[in-house]
Amino acid sequence: MQEELENISARPIASADSLAQKFMFVQGQEASDDVVRELKANPGFGNAFADYMARATWTGQQWENPSVVPYGPISLDPAGSVLHYGQEIFEGLKAYRHEDGSVWTFRPTYNAARLNMSARRLAIPELPVEDFVASIVSVVRANERWVPSEMGTSLYLRPFTFASEAFLGVRAATKYEYMVVASPASAYFGDGVKAIDVWVDRTYHRAGPGGMGNVKTGGNYAASLLPKLVSHDAGFDEVLFLDAATNTNLDELGGMNVFVVYADGHVETPALSGNILPGATRSSILQLLRARGVDARETTISLQSVIDGVKSGDVAEMFACGTAAVVAPIGRLASDDFDVRLPGGDVVQSVYEELVGIQMGRVEDRFGWCYRIC
Ligand SMILES: *Cc1c(COP(=O)(O)O)cnc(C)c1O
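Residues numbered from 1 in each chain as written. Predicted model: local features only at pLDDT ≥ 70, side-chain atom pairs only at ≥ 80, totals over all residues. Heavy atoms only, no water.

A. Representation of the nonpolar core in the model. Grouped together as the largest cluster of nonpolar side chains are 42 residues, with contacts concentrated most on Phe132, Ile136, Val140, Leu157 and Tyr178. Residue assignment for this core shows that the elements contributing at least two residues are helix H2 (16-19), strand E2 (52-58), strand E3 (63-70), strand E5 (93-97), helix H5 (108-121), helix H6 (129-142), strand E7 (154-163) and strand E8 (176-185). In terms of residue count, H6 provides more of this core than any other element does, seven residues in total. For Phe132, the residues in contact, after removing those within four places along its chain, are Glu91, Leu93, Pro108, Asn111, Ala112, Leu115, Leu127, Pro159 and Tyr178. (Core = buried A, V, L, I, M, F, W, Y, C linked by side-chain atoms within 4.5 Å. Buried < 20%, exposed > 50% of the residue type's maximum accessible area, 1.4 Å probe, protein only. Helix = DSSP H or I, 4+ residues; strand = E, 2+ residues; numbered from the N terminus. Contact = heavy atoms within 4.5 Å.)

Structural data, given as structure tokens:
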């Protein structure tokens with residue numbers, strides 16, 4: 001799975017100019033410059049939505065009517081099968097404004113390939129990689145004014161596909177909608193990175209063997225919300241899930257992958273067992289670390305070894321990572337029977353600076369990850 005994602009995302013992509021024609025632009029009412037400026041000044045995350053969204057419809061044979069239309073409510077039949085059986089997949093990526101005013105995105109074909117892996121698992125029609133990138137180009141160009149410019153800020157892009165057929169029988173639907181909405185996003189953590197407290201859940205799992213843990217679908221998030229709510233009430237920011245088969249090894253957080261940094265300098269992240277989402281941030285951090293000469297391993301990590309390692313001083317740092325937050329250092333790890341604090345170090349901060357530096361055009365893009373939109 002990871003190999004397919006890396007292979008597809010390594011292929012050259014047509015230029016944004018040549019893809020921009022694929023989605024037909026439909027002009028609508030737009031927010032005033034003052035409103036956009038205000039929203040960009042302090043957008044938070046996922047609160048406000050840009051003027052335009054991309055859209056295409058599957059009616060049984062192919063994706064039809066690719067267009068960029070004014071953002072707004074959609075109509076869906078109450079029997080629309082996504083509402084009953086959850087046949088839905090999504091992606092998350094960002095557009096960044098560089099210092100010269102140009103707008104770029106990061107590894108868009110990785111997301112395109114992953115959307116198609118998710119599509120296959122949920123019996124949803126795939127979207128050609130070029131059409132995915134074209135939708136991103138079109139939606140960002142239509143909303144160009146909405147891309148903020150401060151270090152670490154971005155226009156967050158949310159592509160998603162869902163079953164829209166009105167039918168209550170249990171089978172894959174024959175009608176789908178693909179959409180991309182855009183939302184200005186703050187740097188998740190104002191200056192640099194803020195540590196999070198993480199609860200290790202031994203009661204619930206987000207995914208199990210043969211399930212959907214390795215693809216991006218709302219159902220996995222639905223399964224993570226109750227444990228997140230309970231842990232939040234107990235004062236924790238996020239939940240770390242263990243593998244469902246043995247309840248002993250680290251899987252990942254509800255929406256972020258996890259890394260462990262050891263005092264001897266090597267780094268580990270859970271191997272993609274089939275229950276873990278292959279994050280673009282995870283993949284990029286592994287490559288950045290390996291390019292630095294760091295021994296970065298993908299392996300099985302038992303919870304007990306991590307607890308023992310923190311107590312003995314063998315484990316220095318832990319962090320979570322994903323497109324939205326980039327990286328989040330873990331300050332505290334706890335469950336019913338343990339509660340440990342991570343000493344911290346400078347690996348998390350340096351990974352954050354290098355990755356965001358590449359995305360914002362301030363650090364050389366040695367890996368060819370950035371794609372110019374306009
Ligand atoms: C999206 C997601 C991630 C992070 O993936 P990125 O491509 O790095 O944003 C990690 N875990 C889960 C469960 C996810 O859905």
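There's plenty left to go through after this.
B. Region of interest: the site of the ligand. Taken together, 15 residues form the shell around the ligand, and within it Lys216, Tyr221, Glu252, Thr281 and Thr323 come nearest. Contact distances for the ligand include 2.6 Å between an oxygen atom and a side-chain N or O atom of Lys216. A total of 380 Å² of accessible area belongs to the ligand in isolation, and the protein chains cover 97% of it. Residues belonging to the shell around the ligand are distributed by class as follows: four nonpolar, seven polar and four charged. (Near = heavy atom within 4 Å. Polar contact = N/O pair within 3.5 Å; in protein donor to acceptor, adjacent residues only side chain to side chain. Areas by Shrake-Rupley, 256 points an atom, 1.4 Å probe, with all protein chains shown as cover. Nonpolar A, V, L, I, M, F, W, Y, C, P; charged D, E, K, R; others polar.)

C. Broad picture of the domain arrangement of the protein chain. Entries for the protein chain in the domain assignment read domain 1 (2-186) and domain 2 (196-348). Contacts between domain 1 and domain 2 engage 21 residues on the former and 20 residues on the latter. Both faces combined, the contact of domain 1 with domain 2 buries some 1500 Å², and carbon together with sulfur accounts for 56% of it. Sorting the residues of domain 1 by area buried against domain 2 places Phe90, Arg114 and Arg121 first, and these three jointly supply 35% of that buried surface. Where domain 1 touches domain 2, the interface holds zero salt bridges. Here domain 1 is connected to domain 2 by 14 residue pairs in polar contact (both at pLDDT 80 or more). Those elements that provide at least two residues to the side of domain 1 that touches domain 2 are helix H1 (2-10), strand E4 (88-90), E5 and H5. When residues of the side of domain 1 that touches domain 2 are assigned to their parent elements, the largest contribution, five residues, is made by H5. In terms of residue class, the side of domain 1 that touches domain 2 is built from ten nonpolar, four polar and seven charged. (Domains from an automatic or database assignment. Buried area = accessible area lost by both parts, 1.4 Å probe. Salt bridge = Lys/Arg side-chain N within 4 Å of Asp/Glu carboxyl O.)

D. Fine view of the environment of Ser9. Examined against the element boundaries, Ser9 turns out to sit in helix H1. On the basis of relative accessible area, Ser9 is assigned to the buried category, the value being 17%. Along the backbone, Ser9 and Ala113 are 104 residues apart, and their C-alpha atoms lie at a distance of 7.3 Å.

E. Region of interest: the side chain of Arg332. By the element assignment, Arg332 lies in strand E16 (residues 326-335). Residue classification places Arg332 among the buried positions, given a relative accessible area of 17%. Of the polar contacts made by the side chain of Arg332, one reaches the side chain of Asp339; its length is 2.8 Å. Dropping the residues within four chain positions of it, Arg332 is found in contact with Ile196, Asp197, Val198, Phe236, Asp339, Val340 and Arg341.

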